[in-house]
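Read off the chains here:
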Amino acid sequence: MPNLYKFYELINRNALVTLTNPKLDTTYFEGSLKDIPDTYNDWKVKDFCVSNSGDFLFEIVEK
């Protein structure tokens, strides 16, 4: 599984990003990419999706 920070170069800094656990029952962060706390950079991305409006949902697990 890749680290979350590996996706940063691919996403617009102002894109809306939601970080959640794989069960989708806990949201760790919701906001623009540029505001993601550094503590999540090394968390592993289990899966992700992009909405039609360009918003990102990342299912992440702690490193």
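Bear in mind that the values here come from a model prediction, so they are computed numbers and not experimental data. (Residues numbered from 1 in each chain as written. Predicted model: local features only at pLDDT ≥ 70, side-chain atom pairs only at ≥ 80, totals over all residues. Heavy atoms only, no water.)

Student: Hey, could you run me through the side chain of Thr18 in this one?
Tutor: By the secondary structure assignment, Thr18 is in strand E1 (residues 16-20). For Thr18, a relative accessible area of 14% corresponds to the buried category. Other than its neighbours up to four places away in sequence, Thr18 contacts Thr27, Phe29, Glu30, Phe56, Leu57 and Phe58. (Helix = DSSP H or I, 4+ residues; strand = E, 2+ residues; numbered from the N terminus. Buried < 20%, exposed > 50% of the residue type's maximum accessible area, 1.4 Å probe, protein only. Contact = heavy atoms within 4.5 Å.)

Student: Help me understand the environment of Thr27, please; the structure alone is not making it clear to me.
Tutor: Along the chain, the position of Thr27 falls in strand E2 (residues 27-32). Counting along the chain gives 36 residues from Thr27 to Lys63, while the straight-line C-alpha distance between them is 17 Å. Setting aside residues up to four positions removed in sequence, Thr27 forms contacts with Thr18, Leu19 and Thr20.

Student: Please explain the sheet that holds E1 as it appears in this structure.
Tutor: Sheet strands pair by backbone hydrogen bonding; their relative direction is either parallel or antiparallel. In spatial order, the strands read E2-E1-E4-E3; together these 4 strands make up an open sheet with mixed pairing. Looking along the sheet, the strands with just one partner apiece sit at the ends: E2 and strand E3 (44-50). Ignoring strand direction, the axes of neighbouring strands in this sheet form an average angle of 15 degrees. Note that E3 and strand E4 (residues 56-61) share 6 bridges and pair antiparallel. (Pairing = 2+ DSSP bridges. Axes fitted to C-alpha atoms, helices over the stretch in contact; angles between N-to-C directions.)

Student: Explain unusual backbone geometry to me, please; I cannot follow it from the model alone.
Tutor: Leaving glycine out, the prevailing phi sign among residues is negative, and the prevailing peptide bond configuration is trans. The phi dihedral of Leu24 falls on the positive side, at around 65 degrees, and the residue is not glycine. Following the sequence through the fold, Leu24 ends up in the loop between E1 and E2.

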